[in-house]
Amino acid sequence: MGAAETAKRAAAEAAIRFVESESIIGVGTGSTVAHFVDALASAAARPARAVSTSDDSDARLRRLGIEVVPLEAAPLPLGVYVDGADEIDPQGRAIKGGGGAHTREKAVARASRVWVCIVDASKVVSELGSRSPVPLEIETNQLHAAQQAIEGMGAHLTVREHTRQRGSTLIADVHGLDLQHPLEVERRLESIDGVVACGIFAHRRADLVLVGHPDGTVTEVDPGRERGAE
Ligand code: 5RP
């Protein structure tokens, strides 16, 4: 296993201690989350059920015999939500949606008491936007208007062409945004007609960040302590 996978797996395994036996957990999407689900196989405490955010996570959970339930059928709030990020800052604000699942991820994160974010150290940034564009889910028939609104913010949109076939919405990425005030930008993007959700998680931010390192160690960041720095 390469250094990046070792780091992801270390963060993922460190999140297992937040899973309570017979609980209902929220499960995100991505390669770091895949390590988390794999680690559930040998965990002492196994959740009874899970609300998942993608077909891939659904399939992994089901292979372990964990029942997957839709968010609308789960008793709320969920206890713990475990998910990764494309970027995360010390205040727990993140960019997500590299896998295009951010709309479901945002809904499950908001429905959960605690979001434990699991990342390798390369994802930790001092300012959001350092390495990733901001994903958007957009209603396909509103693409043109959304594009104009984004240009009005001094940024530009690239459509993930393969997502044009996914139904009434598509996934696009916004490049060139000024992200010094992520909460404001999140609100502004989500007020654009046709934008279902953006990949900035500043309103619902992580409660705890577990950062895996290539040597297999894990450091914890408590965003609550960092908020004074905003
Ligand atoms: C998917 C996500 C993922 O959490 C993010 O892309 C990180 O993925 P990975 O763990 O594979 O690096 O937001 O929508």
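Structure's up top.
Residues numbered from 1 in each chain as written. Predicted model: local features only at pLDDT ≥ 70, side-chain atom pairs only at ≥ 80, totals over all residues. Heavy atoms only, no water.

Focus: the overall build of the protein chain
Of the regular secondary structure elements, the protein chain holds 7 helices and 14 strands. For 230 residues, the compact-globule formula gives about 17 Å, and the C-alpha radius of gyration of the protein chain, at 17 Å, lands near that figure. Its C-alpha atoms give the protein chain principal-axis dimensions of roughly 50 × 40 × 35 Å. By residue count, 52% of the 230 residues in the protein chain fall in the buried class. When the accessible surface of the protein chain is totalled, it reaches about 10300 Å², and 47% of it is carbon and sulfur. (Helix = DSSP H or I, 4+ residues; strand = E, 2+ residues; numbered from the N terminus. Rg over C-alpha atoms; globule rule 2.2 N^0.38 Å. Buried < 20%, exposed > 50% of the residue type's maximum accessible area, 1.4 Å probe, protein only. Areas by Shrake-Rupley, 256 points an atom, 1.4 Å probe, with all protein chains shown as cover.)

Side note on the site of the ligand
Taken together, 17 residues form the shell around the ligand, and within it Ser31, Thr32, Asp86, Lys96 and Lys123 come nearest. Here Ala101 contributes a backbone N or O atom positioned 3.4 Å from an oxygen atom of the ligand. When the free accessible area of the ligand is taken as 380 Å², the share hidden by the protein chains comes to 91%. For the shell around the ligand, a count of residues per class yields 2 nonpolar, 9 polar and 6 charged. (Near = heavy atom within 4 Å. Polar contact = N/O pair within 3.5 Å; in protein donor to acceptor, adjacent residues only side chain to side chain. Nonpolar A, V, L, I, M, F, W, Y, C, P; charged D, E, K, R; others polar.)

Looking at the packing of helix H1 (residues 3-14) against helix H2 (residues 31-40)
Between H1 and H2, the least distance of the axes is 8 Å, while the angle of their chain directions is 50 degrees. In this view, H1 runs oblique relative to H2, as classed from their interaxial angle. As for the relative orientation of H1 and H2, their crossing is right-handed in sense. Taken together, the residues of H2 that come into contact with H1 (itself represented by Glu5, Lys8, Arg9, Ala12 and Glu13) are Ser31, Thr32, His35, Phe36 and Ala39. For the contact of H1 with H2, the per-class residue count stands at 3 nonpolar, 3 polar and 4 charged. (Axes fitted to C-alpha atoms, helices over the stretch in contact; angles between N-to-C directions. Parallel < 35°, antiparallel > 145°, perpendicular 65-115°, else oblique. Left-handed = near helix turned anticlockwise from the far one by under 90°. Contact = heavy atoms within 4.5 Å.)

Some words on the pairing of strand S10 (residues 169-175)
For S10, the tally of buried residues reaches 6 of 7 residues, placing the bulk of the element in the interior. As paired strands, strand S8 (residues 134-139) and S10 are joined by 6 bridges and run antiparallel to one another. Across the sheet, Leu136 pairs through a bridge with Ala172, a residue of S10. Where strand S9 (residues 156-159) and S10 come together, 4 bridges link them in antiparallel fashion. Counterpart to Leu157 in the pairing with S10 is Val174. (Pairing = 2+ DSSP bridges.)

Considerations on the sheet that holds strand S5 (residues 87-88)
Read across the sheet, 3 strands follow the order S5-S6-S12 without closing on themselves; strand pairing throughout is antiparallel. Bordering the open sheet on either side are S5 and strand S12 (200-201), each of which pairs with just one other strand. Judged from the 2 bridges that link them, S5 and strand S6 (residues 94-95) form a sheet pairing that is antiparallel. Each bridged residue has a counterpart across the sheet, and for Ile88 the counterpart in S6 is Ala94.

Focus on the sheet that holds strand S7 (residues 112-120)
Sheet architecture is open: 7 strands sit in the order S3-S2-S1-S4-S7-S13-S14, paired in mixed fashion. Both edges of this open sheet fall to strand S3 (67-68) and strand S14 (218-221), since each of them pairs with a single strand only. Of the pairings in the sheet, the one linking strand S13 (residues 208-212) to S14 comprises 4 bridges and is antiparallel in character. The residue bridging Gly212 from the neighbouring strand is Val218, located in S14. Packing of H1 onto the sheet brings it into contact with S7, S13 and S14, and relative to S7 it is tilted by some 160 degrees. Against the sheet, H2 makes contact with strand S1 (24-27), strand S4 (78-83) and S7, and its axis sits at roughly 150 degrees relative to S1, the strand it touches most.

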